[in-house]
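Coordinate analysis (summary)
Chain residues, written in single-letter form:
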Amino acid sequence: MRHLLAIEGLHPPQIGQLLDLAESYVLLTRSGKTQRDLLRGRTLINLFFEDSTRTRTSFELAGKRLGADVINMSVSTSSVNKGETLLDTAATLNAMHCDLLVVRHGQSGAPNLLAQKVDAAVINAGDGTHEHPTQALLDALTIRRRKGRLEGLTVAICGDIAHSRVARSNIHLLSTMGSRVRVIGPPTLIPAEAGRLGVEVFHDMNAGLAGADIVMMLRLQRERMGGGSGGLVPSAREYFRFWGLDAAKLARTKPDALVMHPGPMNRGVEIDSAVADDPARSVIREQVEMGVAVRMAVLDTLARSGANG
Ligand code: ASP
């Protein structure tokens, strides 16, 4: 594996190996140990053209725990604001001999373009509506640790599927690993290609959640809805009534179903606080912990397969 640009195209053994390695990093981190030799002398640059809390911080922590020199490039204060193109920025980063480049960009495909132009190993940290591969890996690790498997589970992904790179990466990963994937949302927020992705489509929460093992809630990605979200979604109140996860809707799932959310959450819009904060059902905090371990596993794997090093 030279880069990690998408989940689509990965095979079950590659996903399984990344999850196994991430599992070992969960145990290492919990025992208070680090492995600072692994990326000693390597440089990791976080290049984020869009906002991020969890992803950027966890790549930084992951890099540091493996001994890399980590640089966070703040795009809002960089020359990108002076009109520099993505490819010129890439050439500049290349000249600095960066080994691992973590990129988040509003345009789908931007990390793929960079991967063709830089010597570094490129990791997609979310590109437009396309993919967010490390999110799907951390979600899978969270599920696998709690349920012991991915195969045969029914996973309901709910809300703004159309604009969600998290949904797309999860659909690819979970279907590849043998889960049954359902998507639930208003017709305006389900992409036309949903049928082709091999998922079951529901427009009714109660029907879609029936018997589910896992419920993944998604934020309304208003920033990607172009010209305002008015035509695509009703008011926040109305949206919550039909599509928001509360205790009554959760009661349709299996009694031990897990509640997940990639963050950031909009409480009272797609999820009720009582459900999000219920320690018996919600694994939202655990997802964040798994995020660091998964990113350590990805950095480790790319470094071993020769990231510019
Ligand atoms: N943090 C996730 C992403 O960057 C989900 C979201 O923003 O709603 O795609």
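All values derive from a computational prediction rather than experimental measurement. (Residues numbered from 1 in each chain as written. Predicted model: local features only at pLDDT ≥ 70, side-chain atom pairs only at ≥ 80, totals over all residues. Heavy atoms only, no water.)

A count of helical and extended segments in the protein gives 11 helices and nine strands. Taken along its principal axes, the extent of the C-alpha atoms in the protein is 55 × 45 × 35 Å. The buried share of the protein, taken over its 309 residues, is 55%. In the form shown here, the protein has an accessible surface area of approximately 12800 Å², with 50% of it arising from carbon and sulfur atoms. Looking at charge distribution, the protein has the averaged site of its 36 positive side-chain charges lying 3 Å from that of its 32 negative ones. (Helix = DSSP H or I, 4+ residues; strand = E, 2+ residues; numbered from the N terminus. Buried < 20%, exposed > 50% of the residue type's maximum accessible area, 1.4 Å probe, protein only. Areas by Shrake-Rupley, 256 points an atom, 1.4 Å probe, with all protein chains shown as cover. Lys, Arg positive; Asp, Glu negative; His and termini not counted. Charge placed at Lys NZ, Arg CZ, Asp CG, Glu CD.)

What follows covers the site of the ligand. The full set of residues close to the ligand is R104, H132, R165, V166, R219, Q221, G263 and P264. In the environment of the ligand, an oxygen atom lies 2.7 Å from a nitrogen or oxygen atom belonging to the side chain of Q221. G263 places a polar main-chain atom, nitrogen or oxygen, 3.0 Å from a nitrogen atom of the ligand. Out of a free accessible area of 260 Å², the ligand has 92% covered by protein chains. Mapping the ligand onto the cavity grids shows that it belongs to the largest pocket. Looking at the shell around the ligand residue by residue, the classes come out as two nonpolar, three polar and three charged. (Near = heavy atom within 4 Å. Polar contact = N/O pair within 3.5 Å; in protein donor to acceptor, adjacent residues only side chain to side chain. 1 Å grid on protein atoms, 1.4 Å probe; cavity = no way out; pocket = protein on both sides within 12 Å on 5 of 7 lines; lining within 4 Å. Sits in = over half its atoms within 2 Å of the grid points. Nonpolar A, V, L, I, M, F, W, Y, C, P; charged D, E, K, R; others polar.)

Before going further, it helps to examine the pattern of salt bridges. Following the criterion strictly, the structure yields 15 salt bridges and no others. For D37, the salt bridge is made with R40, and the minimal N-O distance between the two is 2.8 Å. For D37, a relative accessible area of 59% puts it in the exposed group. Put simply, K254 and D213 hold a salt bridge, and the shortest N to O gap is 2.9 Å. (Salt bridge = Lys/Arg side-chain N within 4 Å of Asp/Glu carboxyl O.)

A few words now on the sheet that holds strand β8 (residues 214-217). As summarised here, the arrangement of the five strands in space is β7-β6-β5-β8-β9, forming an open sheet in which the pairing is parallel. The sheet is open, and its two edges are formed by β7 (200-202) and β9 (258-260), each paired on a single side. Within this sheet the neighbouring strands show an average axis-to-axis angle of 20 degrees, counted without direction. As defined by bridge partners, strand β5 (residues 154-158) adjoins strand β6 (residues 180-184) across five bridges and the pair is classed as parallel. Note that in β6 the partner of I157 across the bridge is V183. (Pairing = 2+ DSSP bridges. Axes fitted to C-alpha atoms, helices over the stretch in contact; angles between N-to-C directions.)

Position of H172 relative to the elements: it lies in helix α6 (residues 165-176). Residue H172 is classed as buried on the basis of its relative accessible area of 15%.

Along the chain, K117 turns up in helix α4 (residues 110-117). The partly exposed category is assigned to K117, whose relative accessible area is 45%. Considered as a pair, K117 and D88 are 29 residues apart in the sequence and their alpha carbons are 9.7 Å apart. Non-local contacts of K117, meaning those with residues more than four positions away in its chain, are made with L87 and N94. (Contact = heavy atoms within 4.5 Å.)

Once that is clear, we can look at the layout of surface pockets. Estimates place the volume of the largest pocket at around 650 Å³. Lining the largest pocket are 32 residues, with R54, R104, P262, G263 and P264 positioned closest to its centre. At the level of secondary structure, the elements contributing two or more residues to the lining of the largest pocket comprise α2 (54-65), α5 (133-147), α6 and α11 (284-304). A breakdown of the residues in the lining of the largest pocket according to their chemical character gives nine nonpolar, 12 polar and 11 charged. (Points joined across faces, edges and corners; volume = space filled by probe spheres on them.)

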